[in-house]
Amino acid sequence: MTSSNTQGRGRAVKSAARTTQNETLTAAGRAGFVARGVVYVLIGALALQIALSSGGESADRQGALAQVAEQPFGKVMLWAMVVGFASMALWRGTRAVLTRGPERKAGSRVLDGGRAVFYAFVCWTTAVYAAGGGQGSSGNEQSQDGTASALKLSYGQVLVGAAGCLLIGIGAVLAVRAALRRFLKQLDTATMNHRTKQVVTALGVGGGVARGVVFAAAGIFILVAAVRFDPDEAKGVDATLRSFTQTPAGPWLLVAVAIGLILFGVFSFASARWRRL
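Residues numbered from 1 in each chain as written. Predicted model: local features only at pLDDT ≥ 70, side-chain atom pairs only at ≥ 80, totals over all residues. Heavy atoms only, no water.

(A) Quick look at a nonpolar patch on the surface. A contiguous nonpolar patch, built from Leu153, Tyr155, Val158 and Leu159 and spanning about 480 Å² of accessible area, is present on the exposed surface. Counting through the fold element by element, Leu159 comes out in helix α6 (residues 156-179). (Patch = residues over 30% accessible without salt bridge, like charges linked within 9 Å, V, L, I, M, F, W, Y side chains within 5 Å. Areas by Shrake-Rupley, 256 points an atom, 1.4 Å probe, with all protein chains shown as cover. Salt bridge = Lys/Arg side-chain N within 4 Å of Asp/Glu carboxyl O. Helix = DSSP H or I, 4+ residues; strand = E, 2+ residues; numbered from the N terminus.)

(B) View of the packing of aromatic side chains. This structure, assessed with the given rule, holds six aromatic pairs. Between Phe85 and Tyr119, the aromatic rings sit 6.3 Å apart at their centres with planes inclined by 20°, giving stacked as the arrangement. Taken together, the positions of Phe85 in helix α3 (residues 74-97) and Tyr119 in helix α4 (residues 106-133) put the pair 34 residues apart, joining distant regions of the chain. We note that Phe85, like Tyr119, is buried. Connected via pairs of aromatic rings, a cluster forms that spans Tyr40, Phe183, Phe264 and Phe267. One cation-aromatic arrangement involves Lys235 over Phe221; the distance from NZ or CZ to the ring centre is 5.1 Å. (Phe/Tyr/Trp six-rings, centres within 6.5 Å; stacked < 30°, edge-to-face > 60°. Buried < 20%, exposed > 50% of the residue type's maximum accessible area, 1.4 Å probe, protein only. Lys NZ or Arg CZ within 6 Å of the ring centre and 35° of its normal.)

(C) Just the confidence of the model for the protein, in detail. On average, residues of the protein score 86 in pLDDT, and 86% of them are at 70 or above. Per-element mean pLDDT across the protein ranges from 77 in helix α1 (residues 2-53) up to 95 in helix α7 (residues 194-228). (pLDDT = per-residue confidence, 0-100.)

(D) Just the nonpolar core, in detail. Counting residues in each nonpolar core, the largest one holds 48 residues, and the members touching the most others are Phe85 and Leu241. Of all elements in the fold, only α1, α2 (61-69), α3, α4, α7 and α9 (251-274) reach the threshold of two or more residues within this core. The contacts of Phe85, once residues within four sequence positions are left out, are Ala35, Arg36, Val39, Tyr119, Val122, Cys123 and Thr126. Judged by nonpolar contacts, the second largest core, of six residues, contains Val160, Ala218, Ile222 and Ala226. (Core = buried A, V, L, I, M, F, W, Y, C linked by side-chain atoms within 4.5 Å. Contact = heavy atoms within 4.5 Å.)

(E) Layout of α7. The end-to-end C-alpha distance of α7 is 51 Å, a good match for the 51 Å that 35 residues give at a rise of 1.5 Å each. By the N-cap criterion, in which a side-chain oxygen at the helix start approaches the backbone nitrogen of a residue two or three places on, α7 is capped by Asn193, the distance to Arg195 being 3.2 Å. In the segment just after α7, Phe229 is the residue with positive phi, at about 55°. (Expected span 1.5 Å × (residues − 1). Polar contact = N/O pair within 3.5 Å; in protein donor to acceptor, adjacent residues only side chain to side chain.)

(F) Spatial organisation of a positive patch on the surface. On the surface, Arg115, Arg177, Arg182 and Lys185 cluster together into a positively charged patch. Checked against the element boundaries, Lys185 lands in the loop between α6 and α7. (Lys, Arg positive; Asp, Glu negative; His and termini not counted. Charge placed at Lys NZ, Arg CZ, Asp CG, Glu CD.)

(G) Summary view of unusual backbone geometry. At Tyr155, a residue that is not glycine, the phi angle is positive and equals roughly 60°. With respect to the helices, strands and loops of the structure, Tyr155 is situated in the loop between α5 (139-151) and α6. Phi is positive for Arg181, close to 65°, though the residue is something other than glycine. Within the secondary structure, Arg181 is located in the loop between α6 and α7. By relative accessible area, Arg181 is classed as partly exposed at 47%.

(H) The side chain of Arg36, seen in detail. Locating Arg36 in the fold gives a position in helix α1. Sequence-distant contacts of Arg36, defined by excluding residues within four places in its chain, comprise Phe85, Tyr119, Arg211, Phe264, Ser268 and Ser271.

(I) Examining the pattern of salt bridges more closely. Inspection of the entire model under this criterion finds four salt bridges. Note that Asp112 and Arg92 form a salt bridge whose closest N and O atoms lie 2.9 Å from each other. Note that Asp112 is positioned in helix α4 and Arg92 in helix α3, a separation of 20 residues in sequence. The class of Arg92 is buried, set by a relative accessible area of 4%. Where Arg228 meets Glu233, a salt bridge forms, and the shortest distance between an N and an O atom there is 3.1 Å.

(J) Molecular detail of the environment of Lys152. Within the secondary structure, Lys152 is located in the loop between α5 and α6. Lys152 sits 77 residues away from Phe229 along the chain, and the two C-alpha atoms are 9.9 Å apart.

(K) Spatial organisation of the packing of α6 against α7. Two elements in contact, α6 and α7, have axes whose closest approach is 7 Å; the angle formed by their N-to-C orientations is 165°. In terms of orientation, α6 lies roughly antiparallel with respect to α7. Between α6 and α7 lies a crossing whose hand is left-handed. Its residues assigned to classes, the contact of α6 with α7 comprises 19 nonpolar, eight polar and one charged. (Axes fitted to C-alpha atoms, helices over the stretch in contact; angles between N-to-C directions. Parallel < 35°, antiparallel > 145°, perpendicular 65-115°, else oblique. Left-handed = near helix turned anticlockwise from the far one by under 90°. Nonpolar A, V, L, I, M, F, W, Y, C, P; charged D, E, K, R; others polar.)

In structure tokens, the structure reads:
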């Protein structure tokens, strides 16, 4: 009887610990999606400003951070974003390492691991900015410097070309998955009413396609840099977005992409609410 009670208490303690862990990771994931949403909304708004006035801050993460810093309590908001990105890195890393189940295939775990590393980097750079480290070199300069360093390596041209193709592929996958509404499987749509589901679906499709287009465009520039062996052809997010104004559609293509990025930011807020974490 005593042994049975002890085992029962042990199971209860373990169950409570698992519940606490799940609640902590769920909160971390939701905080991460909010931080991501803020950045995408600001990047989209900056891109829209560029399209309509041909000026403004850089339409990339650094430009978004600058916009946040200029607001009342900007420093507090920046550190809140640091916490959000750290939370996203923690959530993605935990999914990659600890989450088990038949649906958690090796590819999904590797993808989550890569995302965890990415968000850890974003967290670090945001923390440096919040601490007063400044913007440093622009995203465009960083992209060109990184490409130049890679081209100097043995088989560097092949590596850069492969990176460009990989980015193009990622962009295509993001756009196709968004168009096919694959993201709905990750949302708790049963708790949404019909109108809310329609709105969230529109946000996910429009935002996801725009996001994929930007990734693919950036990959094309990297591929061109490899083919021409010219690192200056590589572009960061800001230069990639500005390049849309040079197409036959003129600034209106950038307007469409900018609105799409804003939609994806709002979709990230919706994910913070309804994502199955």
